[in-house]
Amino acid sequence: MMGVKMEKFKVSVVVPAYNEEGNLTRLVQTLLPILSVYNDYEIILINDGSSDKTIEVMKQLHHDNSRVHYISLSRNFGHQYALKAGLDAAIGDCVISMDADLQHPPRLIPALIDGWQKGYDIVYTTRQDKGTESFFKRFSSEFFYKFFRVLTGLKIPAGAADFRLLDKKVVQTLKNMPEKALFLRGLIYWMGFKQFAISYQVEPRFSGRSSYSLKKMLGLAIAGATSFSIKPLRLAIYLGFIVALLGCLSTAYVLYMKLFAGSVITGWSSLMCVLLILGGSQLFVMGIIGEYIGRIFVEMKNRPNYIIDETSLEQK
Ligand code: UDP
Ligand code: MG
């Protein structure tokens, strides 16, 4: 039935956390009054192998309020996997995911739930930051979305972070997806359903530092691009073709010079050019192919996305 969703429903809030000891208490304190308006709710905090006191803080929060739960992973699996662990465990009729550092303002939650009650299955948010985030962060994020769109043809909205509401059926669909290389932003956009966007101003981090290093961002970008299309392989074909064409042209030129102009090209510089272009493009192409083979390898081993060490939830 479109439009009206059930009167009594359960809201789940899922929060992956990596070294967030300074943020969690504040986050939960902010969330509780907002959520208490609803009939039933749960907060699921996921400890992604933190090295600080995150897990102790989580246990304390669970002790203080039985609606707050924690899942502790056996090591650091990465944001996307910690998020997946939370989504898999959530039993709400709608599930909201957000960061632990209060960059995703909890006051938007009622708006997310309103969107859902109007009949949307996915209510996502797009961030607008005017100066809160560093220049590098904004630049790399913008570049990433452009790059992703060109490479995959999937038009994920720029600035779509992992702050969103998902209907139970979307969460169920996600649970049944066996993908190992997770890029939830792309996957959720790709799934379709009725989607609705809310834009917000990103807040500065409450405490601690961002753990998305350049290396992690690059990893996410490559995983995102290669798990969504085989276009990069096609890119390799084009590149190979162009380099080969250049090679043919230069060979023809050399032959022409030798046979008709009578001058033999000496010098190794031309040779070096050809060698470098060829060598470089071969490596590039092999890298792309390797990435896909690696993907197959990882999917084939069929290991779990994450391993739970301990949790306050009943394990299924
Ligand atoms: N996070 C995680 N595992 C990681 C890295 C980050 O669970 O390996 C969590 C982190 O605690 C936060 C969210 O993912 O709740 C976003 O991370 P962060 O704030 O460092 O990234 P940024 O906001 O700078 O993109
Ligand atoms: Mg953050």
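My aim in this report is to walk through the structure given alongside it, one point at a time. (Residues numbered from 1 in each chain as written. Chains lettered and ligands numbered in written order. Predicted model: local features only at pLDDT ≥ 70, side-chain atom pairs only at ≥ 80, totals over all residues. Heavy atoms only, no water.)

## So, the packing of helix α1 (residues 24–35) against helix α2 (residues 54–64)
At a closest axis distance of 10 Å, the pairing of α1 and α2 adopts a crossing angle of 30 degrees. The pairing of α1 with α2 is recorded here as roughly parallel in orientation. Here the hand of the crossing between α1 and α2 comes out right-handed. On α2, the residues that touch Leu-24, Thr-25 and Val-28 of α1 are Thr-54, Val-57, Met-58 and Leu-61. Here the contact of α1 with α2 is built from residues that sort into five nonpolar, two polar and no charged. (Axes fitted to C-alpha atoms, helices over the stretch in contact; angles between N-to-C directions. Helix = DSSP H or I, 4+ residues; strand = E, 2+ residues; numbered from the N terminus. Parallel < 35°, antiparallel > 145°, perpendicular 65-115°, else oblique. Left-handed = near helix turned anticlockwise from the far one by under 90°. Contact = heavy atoms within 4.5 Å. Nonpolar A, V, L, I, M, F, W, Y, C, P; charged D, E, K, R; others polar.)

## Thoughts on helix α8 (residues 214–228)
Here α8 spans 21 Å end to end across 15 residues, near enough to the 21 Å set by a 1.5 Å rise per residue. Buried within α8 we find Met-217, Leu-220, Ala-221, Ala-223, Gly-224, Ala-225, Thr-226, Ser-227 and Phe-228. (Expected span 1.5 Å × (residues − 1). Buried < 20%, exposed > 50% of the residue type's maximum accessible area, 1.4 Å probe, protein only.)

## Description of the side chain of Asn-47
Relative to the helices and strands, Asn-47 resides in strand β2 (residues 40–47). Within the local environment of Asn-47, its side chain forms a polar contact with the side chain of Ser-50, the two groups lying 2.7 Å apart. Among the polar contacts made by the side chain of Asn-47, one reaches the side chain of Ser-72 at a distance of 3.0 Å. Excluding anything up to four places from it in sequence, Asn-47 contacts Ala-17, Thr-54, Ile-55, Met-58, Ile-71, Ser-72 and Leu-73. (Polar contact = N/O pair within 3.5 Å; in protein donor to acceptor, adjacent residues only side chain to side chain.)

## Description of the packing of aromatic side chains
Considering all chains together, one arrives at five aromatic pairs under this definition. Ring geometry for Phe-9 versus Tyr-38: centroids 5.9 Å apart, planes at 45 degrees, classification tilted. Of this pair, Phe-9 sits in the segment before β1 (10–17) while Tyr-38 sits in the loop between α1 and β2, and the two are 29 residues apart along the sequence. Taken as a pair, Phe-9 and Tyr-38 share a single burial class, namely buried. The ring of Tyr-41 carries Arg-67 above its face, with NZ or CZ at 4.5 Å from the centroid. A cation over a ring is seen here: Arg-75 above Phe-77, with NZ or CZ 3.9 Å from the ring centre. (Phe/Tyr/Trp six-rings, centres within 6.5 Å; stacked < 30°, edge-to-face > 60°. Lys NZ or Arg CZ within 6 Å of the ring centre and 35° of its normal.)

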